[in-house]
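Structural features, examined
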Amino acid sequence: MIYNFGAGPSVLPKEVLKKVQEELLDFEKSGMSVMEISHRSKSFQEVIDEAQSNLRDLMSIPQNYKILFLQGGASTQFSMIPMNLALGKKAYYAISGAFGKKAYDEAVKLSQTLDFEAISLGSTQSEHYNHLLKIDKSKVDEKMAAYLHITTNNTIEGTTIFPENLPEVNSVPLIADMSSNILAFDYDVSKFGLIYAGAQKNLGIAGLTIVIIREDLLNQKESLSSMMDYRILAQNGSMYNTPPTFAIYLAGLVFKWVKEQGGVKKLEAINRQKARMFYDLIDQSDFYQSPVLNEAERSICNVVFTSPSKELDALFVQKAEEKGFKSIKGHRSVGGMRASIYNAFPIEGVLELVKFMKEFEEENK
Ligand SMILES: Cc1ncc(COP(=O)(O)O)c(C=O)c1O
């Protein structure tokens, strides 16, 4: 049996893959694959409308938010966000992980040619991002602030800002990179000005990026390139140009699957249960360690752990691979191991890996 612990692209629900296979050569009796039909066709319009409406239901997205299906990965949002929202203002970043740092670095780069300030509220980089930054709200100039940018789940370092710990700075819009815990976790969308996520972890496949934006934050003036302008993209129903049709179709199937599983709250409960099994073992063992300093910040999507030495980490990864536990190696910047256990990751795989971890500990302690 193969279990895919990859952090992204990641495991997809088997039911979704089977449906894709069934429909691949003949989409809704059209005699064509969904990849071959026009994005302007009635059939595809139904696909994107249904995907959008299911995502709105699943996340209880209020009507004053637009849902955009874009390209360029979450990384393109690192630039689009300041371009659209920050001009003439101050853009604040709380940096608790490598991707939060990337978002900030892109904003700094852009601020050299565009009229806005990119401000870091601090970073936990010097402690290898082993905990989340405590945000000092008094550092935010509320009058001039365009937004406060956070990453809700640090994919590489295995930390999460759980809903009860979301920062609130009065009227300053909160912007969240939710790439690695969107739909794994039940956040109240109305607390955010903008949410974005690459699809290749919990929503489907690479090539699609979801942006959920409160309407009042849409660009007022037409000054940006059209493909960079949220307002133009929203006005055109995410079809200013040819959208990533297959990735949208697939995300639509994933949204239906999430509904069939009982919705986000239900999957969150299962995800918590899956993560608990790892953390219980890590806490009981003298062999395994979690690099995350605060228990309350441990991710339920990416469980990072180490053994007593780099050599044992390497042996663990090798033996695990041989047993069919794939992509368990930690990110090169952190080392150790990382089990990414997004929505589609089956609980049996967690049970099997936990069993293997116990055996490995016995053999090597
Ligand atoms: C939290 C987070 N943000 C951003 C990214 C970058 O996403 P993309 O590769 O879609 O640009 C990733 C990728 O792993 C991520 O985990």
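By convention here, each chain's residues receive numbers from 1 onward along its written sequence. Whole-chain, interface and lining totals are the exception, using all residues; otherwise, since this is a predicted model, local features are given only for residues with pLDDT of at least 70 and side-chain atom pairs are given and counted only at 80 or more. With hydrogens and water set aside, each side-chain value is computed from the structure's full complement of heavy atoms.

Looking at the overall build of the chain
Rule in force here: Per the convention used, a helix needs a DSSP run of H or I reaching at least four residues, while a strand needs a run of E reaching at least two, with both numbered from the N terminus. This radius of gyration counts C-alpha atoms alone. The globule rule is 2.2 Å times how many residues there are, raised to the power 0.38. Note on contacts: a residue pair qualifies if any of its non-hydrogen atoms lie within 4.5 Å across the two residues. Note on areas: these come from Shrake-Rupley sampling with a 1.4 Å probe, and a residue is covered only by the protein chains present in the view. Counted as positive: Lys and Arg. Counted as negative: Asp and Glu. His and the chain ends are not counted at all. Lys charges are placed at NZ, Arg charges at CZ, Asp charges at CG and Glu charges at CD.
Along the chain, the regular secondary structure elements total 9 helices and 13 strands. Radius of gyration (C-alpha) of the chain: 21 Å, near the 21 Å computed for a compact globule of 365 residues. Judged by the C-alpha coordinates and their principal axes, the chain covers about 65 × 60 × 30 Å. Partitioning the intrachain contacts of the chain with sequence separation of at least 6 by distance along the chain shows that 71% fall at a separation of at least 24. Just so you have it, the chain exposes about 16300 Å², and 49% of that area is on carbon and sulfur atoms. Once the 40 positive and 45 negative side-chain charges of the chain are each reduced to a mean point, those two points are 1 Å apart.

Describing the packing of helix α8 (residues 310-323) against helix α9 (residues 347-364)
As a reminder of what qualifies: Axes, fitted as lines to C-alpha atoms, cover a helix only where it is in contact. Angles between the N-to-C directions of the axes lie from 0 to 180 degrees. Comment on the angle field: the value is read as roughly parallel under 35 degrees, roughly antiparallel over 145, roughly perpendicular from 65 to 115, and oblique elsewhere. The sense of a crossing depends on the near helix, which, turned anticlockwise from the far helix by less than a right angle, makes the crossing left-handed and, turned clockwise, makes it right-handed. Classes in brief: Ala, Val, Leu, Ile, Met, Phe, Trp, Tyr, Cys and Pro nonpolar; Asp, Glu, Lys and Arg charged; the others, Gly included, polar.
As a packed pair, α8 and α9 sit with axes 11 Å apart at the nearest point and diverge in direction by 135°. Judged on the interaxial angle alone, α9 and α8 are oblique. Read as a crossing pair, α8 and α9 show a hand that is right-handed. Every residue of α9 that contacts α8 at Leu312, Leu315, Phe316, Lys319, Ala320 and Lys323 is listed here: Leu353, Phe356, Met357, Glu359, Phe360 and Asn364. Taken together, the residues of the contact of α8 with α9 break down into 8 nonpolar, 1 polar and 3 charged.

Remarks on the site of the ligand
Rule in force here: For each residue, the test is whether any non-hydrogen atom lies within 4 Å of the molecule or strand; if one does, the residue is near. Here a polar contact is taken to be a pair of N or O atoms separated by no more than 3.5 Å, where protein atoms must pair a possible hydrogen donor with a possible acceptor and residues adjacent in sequence count only if both atoms sit in side chains.
For the ligand, the full set of nearby residues is Gly73, Ala74, Ser75, Phe78, Phe99, Thr151, Asn153, Thr155, Asp177, Ser179, Gln200 and Lys201. Lys201 places a side-chain nitrogen or oxygen 2.6 Å from an oxygen atom of the ligand. Here the ligand, which alone exposes 390 Å², has 84% of that area covered by the protein. With 4 residues, helix α3 (residues 73-85) is the single largest residue contributor to the shell around the ligand. Of the residues contributing to the shell around the ligand, the split by class is 3 nonpolar, 7 polar and 2 charged.

Let's talk about the pairing of strand β3 (residues 90-95)
Threshold: The classification of residues rests on relative accessible area computed with a 1.4 Å probe and restricted to protein chains. Under 20% of the type maximum is buried, over 50% is exposed, and intermediate values are partly exposed. In short, DSSP must find at least two bridges between two strands for them to pair.
Within β3, 6 of the 6 residues are buried, which leaves the element mostly enclosed by the surrounding structure. Residues Lys90, Tyr92 and Ala94 line one face of β3 and the alternating positions Ala91, Tyr93 and Ile95 line the opposite face, and both faces are buried. Pairing of β3 with strand β4 (residues 117-123) involves 5 bridges; the strand directions are parallel. Bridge assignment links Lys90 to a residue of β4, and that residue is Glu117. Direction of pairing for β3 relative to strand β5 (residues 145-151): parallel, over a ladder of 4 bridges. Along β5, the bridge assignment pairs Tyr93 with His149.

Observations concerning the domain arrangement of the chain
Selection criterion: Segment limits for the domains were obtained from an automatic or database-derived domain assignment. Two parts placed together each lose some accessible area; with a 1.4 Å probe, that loss summed over both constitutes the buried area. Each reported salt bridge corresponds to a side-chain nitrogen of Lys or Arg within 4 Å of a carboxyl oxygen of Asp or Glu.
Per the domain assignment, the segments making up the chain are domain 1 (14-260) and domain 2 (263-364). Of note, the centres of domain 1 and domain 2, computed from C-alpha atoms alone, are 27 Å apart. On the domain 2 side, the residues contacting the 23 residues of domain 1 number 26 residues. In total, domain 1 and domain 2 occlude about 2200 Å² of area from one another, counting both sides; carbon and sulfur atoms represent 56% of this. Across the domain 1-domain 2 interface, the total number found is 1 salt bridge. Among the ionic pairs, Asp186 bridges to Lys265, the shortest N-O distance being 2.9 Å. Linking domain 1 with domain 2 are 13 residue pairs in polar contact (both at pLDDT 80 or more), by the criterion used here. Elements represented by at least two residues in the side of domain 1 that touches domain 2 include exactly β7 (159-160) and α6 (245-260).

Notes on the pattern of salt bridges
Counted by the stated rule, this structure contains 18 salt bridges. Residues Glu46 and Lys42 are paired through a salt bridge, measuring 3.1 Å at the closest nitrogen-oxygen approach. Separated by 4 residues within a single helix, Glu46 and Lys42 lie in helix α2 (residues 42-59), roughly one turn from each other. Members of the salt-bridge network, linked through shared partners, are Arg276, Asp280, Asp283 and Arg298.

Some points on the UniProt feature "binding site: pyridoxal 5'-phosphate" (unreviewed entry) in the chain
Keep this limit in mind: UniProt positions are given in the numbering used here, feature names are shortened, and annotations may be inferred rather than shown by experiment.
Sequence positions flagged by UniProt for "binding site: pyridoxal 5'-phosphate" (unreviewed entry) are, in local numbering, Ala74, Ser75, Phe99, Thr155, Asp177, Gln200, Asn241 and Thr242. Annotated residues spanning 169 residues; largest pairwise C-alpha distance 30.6 Å, indicating distribution over more than one region. Assignment of secondary structure puts Thr155 in the loop between β6 (153-154) and β7. Those residues in contact with Thr155 that sit more than four places away from it in its chain are Ala7, Phe99, Ser180, Lys201, Asn302, Arg338 and Tyr342. With respect to the element layout, Asp177 can be found in strand β8 (residues 174-177). Residues within four places of Asp177 in sequence aside, it is in contact with Phe78, Phe99, His149, Ile150, Thr151, Thr152, Asn153 and Tyr196.

Notes on a nonpolar patch on the surface
The condition is simple: Without a salt bridge and with relative accessible area above 30%, a residue can belong to a patch; like charges are then joined within 9 Å and nonpolar side chains (Val, Leu, Ile, Met, Phe, Trp, Tyr) within 5 Å.
A cluster of nonpolar side chains, Leu24, Leu25 and Met35, forms an exposed patch at the surface whose accessible area comes to about 310 Å². Residue placement: Leu25 occurs in the loop between α1 (14-23) and α2.

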